[in-house]
Amino acid sequence: MSQRELPAAFVPADVEGPLYDKWLAAGYFAADSNSEKEPFTIVIPPPNVNGSLHIGHALDHTLQDILIRWKRMKGFEALWLPGMDHAGIAMQNVVEKQLALQGLTRHDIGREAFVKKVWEWKQEYGGQILGQMKRLGDSVDWSRERFTMDEGLSRAVLTIFKQLYDAGLIYRAERIINWCPRCMTAISDIEVDHSDDEGELISIRYGDGETEIVVATTRAETMLGDTAVAVHPGDPRYSHLIGKTITLPLVNREIPIVADDHVDPEFGTGAVKVTPAHDPNDFEIGLRHTLANVVVLSAAAEIENTDTEFDGMDRFIARKAVVEKLRLQNRIIAEKRPYIHSVGHCQRCETTIEPRLSKQWFVKVAPLAKAAGDAVRDGRVRIEPVSLSPRYFEWIDNMHDWCISRQLWWGHRIPVWYGPLGEIVVTGPGESAPDGYIQDSDVLDTWFSSALWPFSTMGWPDETQSLKKFYPTSVLVTGYDILFFWVARMMLFGLFAMDGVPPFHIIALHGMVRDKFGKKMSKSRGNGIDPIEFMNRYGADAVRFTLARGANPGADIALAEEWVAGARNFATKLWNATRFAIMNGAHVEGELPARESLNAIDRWILSRLTETAVEVDSLLEKFEFARASELVYHFAWDDLCDWYLELSKETFASTNSANSQRVLGYVLDQLFRLLHPTMPFVTEELWTAFTGGESLVIAAWPKGHASHLDPDAEDVVLQLQELVTEVRRFRNDQGIRTSQKIPGRFFLPTEFAEYESSLRYVLRIDQPSENFLTSGGVEIGQVKIEFDLSGSVDVVAERARLTKDLATARKDHETALVKIDNENFMAKAPEKVVLEIRERLATTSVDIDRLTIQIAELPPA
């Protein structure tokens, strides 16, 4: 073994880059499709090609990397597959903004030239996040990096589109969709951000006299497209009006009054205007009552098709104009401003979304969604934590048909061709449409291609060796916020394309990262956290450990800079402990000394190590990252650094340290392995310097040894810890400086005698002189220490401390006595509780006698 000297301080920037380059050069992250090892697979949720690493990515990637590194160390053929999403709308917006700087639109240069420019942007600027993933330490197989628009994945998209179409699961129809007037495209639900905005609620009188009826709306301009008024069939106020018609104001169109169970008679006036072309609920009412769909808002959100003065107006200008015109006609019954209500905005440009009737392509989800629900219900797929399963079922069991067409140029163009007589041809890979056919101009929703990610990235539709080896994937780690969108869609397509085999065995959900007060991070609040900045300040390991330490299954994570700084201090603690170990001869050569040759302190740390290793392994299996991190943190900081090294310092300073040198070497070796998945950089640097080994990436995961469990040693060290704690408290109460030595006399049972020298070293207690005068002491269990505090102790303070302890002991004794004397309580209390009360009574009796004697022995103040 050849140990390497460590610098005095840990500087993350000095080691992270070189270590990652070393791992890449060695090919440690590459997964072998022909390996006979059991596979463990994670496909990375593909980030947008134009994106950068945000704190949500950092959390997601940290947890995935922990699992991959852990399983790799356990001997699995671990594949973590990376890649990027083409980010349809986002990328199109980026390039359109560049063109706008030149005074151009995409229409000025044409589709082919525009798409070429997007590819050029991707080549020059895209993929910034990949370098940031390396900064974080992602141990992905870079040789398998994919892009949702690369040749292989494009082939997969064409294949499944044709398969779904041929199965009758893709169709074209007019439906209400989310429409962005700025991006000029339909967008998915996940691309709509809702916020509570100030608006207005206008109550309008339709009809006159006996047919008069009042409706309320937040979008007055849409009344121009009303084709009915709906009331509840059981509402007696309007029963006489059902089936009659009224004149729609401003447009002078006769519209019916219909009865529909959807209407809530308790809300507002109990009557609602019905605009089937501009509201999803109204559209459903329209279908039930065969109402006309009158489109009155253009793609640019301007009024059209009304033959009124409002045609050509922007929707918001028209809103005011319509209200003013109705006011002139005395049809405004009430106005409420401000009226706070939920409004959808385009995630990309923040434009207010317009529900709009449009002819689009849809996936018929009913049979696919049933299969996706069944896969979880029958146990083929498990959701962790189980408590979030109802959310999945609520979404998957009530899923609406999925609008998959987008009015964009960047993306997978829909493989549908239209003939001169209205013929429709769908082409698969390698197929072409007849001459004269024109291809559909729309592209597919980005989620369509990313829904294929778990199997398209492995070569599907070909039956590749990678697909055989690594599909289905082992676990999908993702935030609960996209459970309904990306996760559900992967389930739909995976089960369909792979003959009922789901895309993953487990869906492990985590929460969102929030600030230290639990508030959502946002630009407006100014509480956002940039993981790159934190990595620059504190190192990648500190960011990773802080995120893992807060990651409870399915729960949100609070994060603050001071906690990251604390994790950096933890890395420094490990660094200093390793330097101490190297300087004091700790090593990993040869077998551990025989158990019977070790002292209780050495046996104790080995016992605690085994307990920690076994429990950490069990917690990771349950995705309990926070508890696993907390456990290993306290073992390293408390058990190893604060106690074992302190209690063993005298041993290391002696000539009889061989056993402890080997034990400390073993413990550090195993500790670095336990911490490596979470803190890969600092543990790699420390482990290779300390052991001379090649790399922790390929080292074996600690198993823990039952033979190292030692309850007797744990009992001994527990008493030593209590004694040290009590003496330190005593010294502090007396105002005795930490560095000041005081004379002391030990009274130790045989099994503790060998630790007197270590205790004196740790507690700075001198041997007693001939004129030793007992003036204070500490007693824990069978161990007692008397002190000669003449000239160094505050007798008044010591008397106050002992008196306070005596009062506490008497109070606890009285409480236990009252319970024991209560026959009714003792008869009903569990046996364990009764035993605890009797033990407390006995313990407090001993404490009262001891403290009374100690007070009596104190010299006068």
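What you see is a predicted model; the values in this text were computed from it and never measured.

Novice: Kindly report on the nonpolar core, identifying the contributing residues and their values.
Specialist: One finds Leu67, Val475, Ile605, Tyr644, Leu664 and Phe787 to be the most contacted residues of the largest nonpolar core, which totals 142 residues. Of all the elements, helix H20 (residues 625-652) adds the most residues to this core, at 13 residues. In this structure, Tyr644 is in contact with Ile601, Asp602, Trp604, Ile605, Asp639, Phe652, Ser660, Val663 and Leu664, ignoring residues within four places of it in sequence. Residues Ala31, Leu368, Ala369 and Phe504 belong to the second largest nonpolar core, which totals 64 residues.

Novice: Account for the packing of H20 against helix H23 (residues 711-734), with residues named and values stated.
Specialist: Two numbers describe how H20 lies on H23: the axes approach to 12 Å, and their chain directions differ by 90°. Classified by the interaxial angle, the pair formed by H20 and H23 is roughly perpendicular. Within the contact between the two elements, H20 uses Trp643, Glu646 and Leu647 and H23 uses Val717, Gln721, Val724, Thr725 and Arg728. Taken together, the residues that form the contact of H20 with H23 break down as four nonpolar, two polar and two charged.

Novice: Now, about the packing of aromatic side chains: what can you tell me, with residues and values included?
Specialist: Following the criterion strictly, the structure yields 29 aromatic pairs and no others. Of the aromatic side chains, those joined through ring pairs into one cluster are Phe161, Tyr165, Trp361, Trp402, Phe448 and Phe493. Across from the ring centre of Phe147, 4.4 Å away, lies the NZ or CZ of Lys122, which sits over that ring. Against the face of Trp142 rests Lys134, its NZ or CZ located 5.0 Å from the ring centre.

Novice: Describe in detail the pattern of salt bridges, supporting the description with residues and values.
Specialist: Summed over all chains, the structure comprises 54 salt bridges. Salt-bridge contacts for Arg544 lead to Asp65; the nearest nitrogen and oxygen are separated by 2.8 Å. Of the two residues, Arg544 is situated in helix H17 (residues 540-549) and Asp65 in helix H2 (residues 55-73); the sequence distance between them amounts to 479 residues. For the pair Arg544 and Asp65, a shared accessibility class is recorded, and that class is buried. Its salt-bridge partner being Asp445, residue Arg406 comes within 3.2 Å of it at the nearest N-O pair.

Novice: Hey, could you go over the pairing of strand E26 (residues 742-747) for me, with residue numbers and the actual values?
Specialist: For a regular strand, side-chain orientation follows a simple rule: the groups alternate between the two sheet faces. Side chains Ile742, Gly744 and Phe746 project from E26 onto a buried face, and the interleaved Pro743, Arg745 and Phe747 project onto a face without burial. In the sheet, E26 pairs with strand E27 (residues 765-766) via two bridges, with the strands oriented parallel. The residue bridging Pro743 from the neighbouring strand is Asp766, located in E27. In this fold, the crossover linking E26 to E27 by way of helix H24 (residues 756-763) has right-handed handedness. Here four bridges tie E26 to strand E29 (residues 783-787), and the two strands are oriented antiparallel to one another. When the bridges of E29 are listed, Phe746 appears paired with Ile785.

Here is what the cut-offs are and how they apply
Residues numbered from 1 in each chain as written. Predicted model: local features only at pLDDT ≥ 70, side-chain atom pairs only at ≥ 80, totals over all residues. Heavy atoms only, no water. Core = buried A, V, L, I, M, F, W, Y, C linked by side-chain atoms within 4.5 Å. Buried < 20%, exposed > 50% of the residue type's maximum accessible area, 1.4 Å probe, protein only. Helix = DSSP H or I, 4+ residues; strand = E, 2+ residues; numbered from the N terminus. Contact = heavy atoms within 4.5 Å. Axes fitted to C-alpha atoms, helices over the stretch in contact; angles between N-to-C directions. Parallel < 35°, antiparallel > 145°, perpendicular 65-115°, else oblique. Nonpolar A, V, L, I, M, F, W, Y, C, P; charged D, E, K, R; others polar. Phe/Tyr/Trp six-rings, centres within 6.5 Å; stacked < 30°, edge-to-face > 60°. Lys NZ or Arg CZ within 6 Å of the ring centre and 35° of its normal. Salt bridge = Lys/Arg side-chain N within 4 Å of Asp/Glu carboxyl O. Pairing = 2+ DSSP bridges. Right-handed = clockwise from strand over helix to strand, strands pointing away.

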